[in-house]
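One letter stands for each residue in the lines below.
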Amino acid sequence: MPKKITIEPVTRVEGHGKVTIQIDDAGQVRETRLHIVEFRGFERFVQGRPYWEAPVLVQRLCGICPVSHHLAAAKALDVIVGAGTGLGLTAVGEKMRRLMHYGQIFQSHVLHFFHLSSPDFLFGIDADPAIRNIIGVVMHHKDLAVQGVMMRKYGQEIIKYTAGKKIHGTGAIPGGINKNLSIEERDILLHGADPLNADKMVEWSVGALAFFKAYHKNNKTLVDTFAEFPSNHLSIVRADGAMDLYNGVLRAVDTEGTRILDDVDCQDYDKYIEEEVRSWSYMKFPYLKHLGKENGWYRVGPLARLNTCDFIPTPLAQREFEEFKAYTHGKPNNMTLHYHWARLIETLHAAEEIKNLLIDTDLQKEDLVVKGKKSHRGVGVIEAPRGTLFHHYEINDNDQITLANLIVSTTNNNQPMNLAVNHTAKSFMNGQKEITEGMMNAVEVAIRAYDPCLSCATHALGQMPLEMTLVNENNEIIDCKTK
Amino acid sequence: MEKKIIATTSLAGCFGCHMSVLDIDERILDLIELVEFNKSPVDDIKTFTKPVDIGIIEGGCCNSENVEVLRSFRKNCKILISLGECAIMGGLPALRNGIPIEECLNEAYINGPTVGLNTQHILPNDDELPMLLDKVYPCHEIVKIDYYLPGCPPRADLIWEALVALITGSKLDLPYEVIKFD
Ligand code: SF4
């Protein structure tokens, strides 16, 4: 009799996301779905609000990377107030925002690696769940845990000094910023007491990379084959092809590395990207219009960014990038667990970039805001920690928002995450008599590699609570397991 | 001293309040000495396995599942705290309260500028998706709440001071700057 297995990451009892797996008579996985169960309705309820509220309102959709929403909204509004598409800001405006953003990338990547994923690496995917969590890391690998805590703190401090507050700050405003960085603040961040200074952060980032590479060396088959599947990749890149997480043009490559989108102005994003609605999830499924639903979907995030860009403009990260590229002979990398590798290279890049920005005296300049000729439409695109984030606003003559459209990073990764779940379920569960806790965690490990933000609750602080129910075709529960 | 048992959850929140708990930084190491976590996203415990001393709620209630979770927290926790604006008064998600829910769904899934050809006007609707409530409700309208910690999110220092006071039974002295309603 066909069965349905439900893995509810934060379950019916906690919301946000869950997985269902259907198994047929022969014990073969037939269909898998990652459902997003939350709906907010912001597209409608921000209508009528004055446009300048957007950067502080919309970030409250996500407290894990609020800076990304804050900045994407501000960038869209730069266009609306006639301050160009991001490059039109003053030097201090642009660089303060960059500092805020790279601080955010740094803290978010650190959180993901140390607090969420390291337990899987340290203890093993099928280790005892009682220790396979951040508290286990604190108990058994205190040094590593302390590094994670202090690195995250450093990133959060940068956000505090640039945005005014660690979570849901106010630093970016349409056309610029509302504060610069004082000399005292700069010195705290640049030369703070050990370990909270820029050099230590670079050093520890190198260490985290070494940790992952050693793990990779010892677990090659797992890391290289786990949920590996071909896909397109999309991100913004600087006009010269460099990695740039704050501003750039849209670029996408296919699984062979051929550019299928190149040099696209972000203001035109809606000419190239479309989304499909499926009845079983609140999260839409984006794809490149010209390739269609079937072939046009793509990955975003650290792995995609290393596949689309030509080089990384800081020396240590560039060296790591070259090693990363050599591993796949210059071709795009499609290995899901290599997201972690890519994420740590970006962490190092962020640390280097932060240091470069801090020694730049432009940050102490006083011309904070620019304004030009007002227009009624603006699009802001940024590379959030988890991938490309689109904000699109239109306003009326009374300065009220009349349209808001957001495609968030995790939405861009919707199809790849569903495929990763499918691959993992098939390779771990096909033909198995019993579904073990380790198999269920494997499915989570696949999802976790994408660092999904909408299921924030499910992964933010560690392992997701999991419940699996075996159900027959009439939806009667045959068996129920909780891990 | 016996460790106090803590449980936490995120309902219709953005997880910023949980992040603010993490912003106690190094003090996390002290917290782990003082308390034991039960049902919470910080560990693998999905259902309450023992009576809990302090339950911390982030977010209000926007769907049937949120209500269920909140009720189970009330049943299993001696003390319940509403953490942050969303739990206390619905917060940003409650901006939809003056708008019919169909309008919100239509805007997201039918009228949106990047929605592909959706000629059948599909809206998400599936047994696996919980029922949306007509409005977003603050937690104290559903169950009794014992303490409220304001802020969006509440500052890490406020969370830390309040928890230590509750755990150790000491008097709580909150300077004005720590209690922020932003
Ligand atoms: S109160 Fe603020 S930080 Fe907390 S969940 Fe709500 S929006 Fe997020």
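Before going into details, it helps to say that this report is about the structure given with it. Each chain carries its own residue numbering, running from 1 in the written order of its sequence. All chains are assigned letters beginning at A, and all ligands numbers beginning at 1, according to the order in which they are written. This being a predicted model, a pLDDT of at least 70 is required before a residue's local features are given, and a value of 80 or more before pairs of side-chain atoms are given or counted; all residues contribute to the totals for chains, interfaces and linings.

**Considerations on the overall build of chain A**
Move 1: From N to C terminus, chain A includes 19 helices and 16 strands.
Move 2: By residue count, 59% of the 483 residues in chain A fall in the buried class.
Move 3: Throughout, a residue-residue contact means that the two C-beta atoms, derived from backbone geometry, are no farther apart than 7 Å. Intrachain contacts of chain A at a sequence separation of at least 6 include 69% that bridge at least 24 residues. A run of H or I in DSSP counts as a helix once it spans at least four residues, and a run of E counts as a strand once it spans at least two, with each numbered from the N terminus. Counting other C-beta atoms within 10 Å of its own, a residue is labelled buried from 20 upward, exposed at 12 or fewer, and partly exposed in the gap between, with every C-beta atom placed from the backbone.

**So, the sheet that holds strand S2 (residues 35-37) of chain B**
All names here are of chain B.
Move 1: A pair of strands is treated as paired once DSSP finds two or more bridges between them. Spatial ordering of the open sheet is given by S2-S1-S3-S5-S7, a layout of 5 strands whose pairing is parallel. One side of each edge strand has no neighbouring strand; the edge strands of this open sheet are S2 and strand S7 (147-149). Strand-to-strand twist across the sheet, computed as the mean angle between neighbouring axes with direction ignored, equals 30°.
Move 2: Here strand S1 (residues 4-10) pairs with strand S3 (residues 52-58) via 5 bridges, running parallel. For every element, the axis is a line fit to its C-alpha atoms; helices are fit only across the contacting stretch, and the angle between N-to-C directions ranges from 0 to 180 degrees.

**A closer look at the pairing of strand S13 (residues 387-395) of chain A**
Residues and elements named next belong to chain A.
Move 1: Counted residue by residue, S13 has 8 buried out of 9 residues, so it is predominantly covered.
Move 2: Taken together, the 8 bridges between strand S12 (residues 377-384) and S13 define a ladder with antiparallel strand orientation. When the sheet's bridge partners are listed, Ala384 is paired in S13 with Gly387.
Move 3: Taking the residues that link successive antiparallel strands as the turn, the S12-S13 hairpin has 2 residues.
Move 4: Relative to strand S14 (residues 401-407), S13 is paired through 6 bridges, and the arrangement is antiparallel. Directly across from Phe390, in S14, lies its bridge partner Ile407.
Move 5: The hairpin formed by S13 and S14 contains 5 residues between the paired strands, and Asp399 there has a positive phi angle of roughly 70°.

**Brief notes about the packing of helix H9 (residues 198-218) of chain A against helix H15 (residues 338-358) of chain A**
Each pair of packed helices can be described by the angle between their axes along with the distance between the axes.
Residues and elements named next belong to chain A.
Move 1: Interaxial distance between H9 and H15 falls to 9 Å at its minimum, and their mutual angle equals 170°. As judged from the angle between their axes, H9 and H15 are roughly antiparallel. Where H9 abuts H15, its residues Ala198, Met201, Val202, Ser205, Val206, Ala208, Leu209, Phe212 and His216 lie against His340, Trp341, Leu344, Ile345, Thr347, Leu348, Ala351, Glu352, Ile354, Lys355 and Leu358.
Move 2: Gly is placed with the polar residues, together with every amino acid not listed as nonpolar (Ala, Val, Leu, Ile, Met, Phe, Trp, Tyr, Cys and Pro) or charged (Asp, Glu, Lys and Arg). Class assignment for the residues of the contact of H9 with H15 results in 14 nonpolar, 4 polar and 2 charged. Comment on the angle field: the value is read as roughly parallel under 35 degrees, roughly antiparallel over 145, roughly perpendicular from 65 to 115, and oblique elsewhere.

**A short note on the environment of His329(A)**
Move 1: For His329(A), the position within the fold is in the loop between helix H14 (315-327) and H15.
Move 2: Sequence separation of His329(A) and Asp399(A) is 70 residues, and the distance between their C-alpha atoms is 51 Å.

**Quick look at the sheet that holds strand S6 (residues 232-237) of chain A**
Residue and element names in this part refer to chain A.
Move 1: Judged by pairing direction, the sheet is mixed, and its 4 strands sit side by side in the order S8-S7-S6-S11 without closing on themselves. Of all strands in the sheet, those with a lone pairing partner are strand S8 (259-264) and strand S11 (298-299), marking the two edges.
Move 2: Summarising the sheet, S6 and S11 pair through 2 bridges and their orientation is parallel. Bridge pairing links Asn232 to Tyr298 in S11.

**Regarding the site of the ligand**
Move 1: The environment of the ligand is made up of 15 residues, and the closest members are Gly13(B), Gly16(B), Gly84(B), Cys86(B) and Cys152(B).
Move 2: For each residue, a C-beta atom is placed from the backbone, and the residue is labelled near a molecule or strand when this atom is within 6 Å of it. Neighbouring residues of the ligand are distributed over chains A and B.
Move 3: For the shell around the ligand, the secondary structure elements donating two or more residues are helix H1 (16-22) and helix H4 (85-89) of chain B.

**Overview of unusual backbone geometry**
All names here are of chain A.
Move 1: Here the bond from Asp194 into Pro195 is cis, since omega is 0°, no more than 30 degrees from zero.
Move 2: Within the secondary structure, Pro195 sits in the loop between helix H8 (183-191) and H9.
Move 3: Unusually for a residue other than glycine, His168 sits at a positive phi of about 60°.
Move 4: As for its placement among the helices and strands, His168 is situated in the loop between helix H7 (142-163) and strand S4 (172-173).
Move 5: Phi angles above zero are rare outside glycine, and Ala227 is one such case at about 45°.
Move 6: Topologically, Ala227 is positioned in the loop between helix H10 (220-225) and S6.
Move 7: Judged by local crowding, Ala227 falls into the buried class, with 27 C-beta atoms found within 10 Å.

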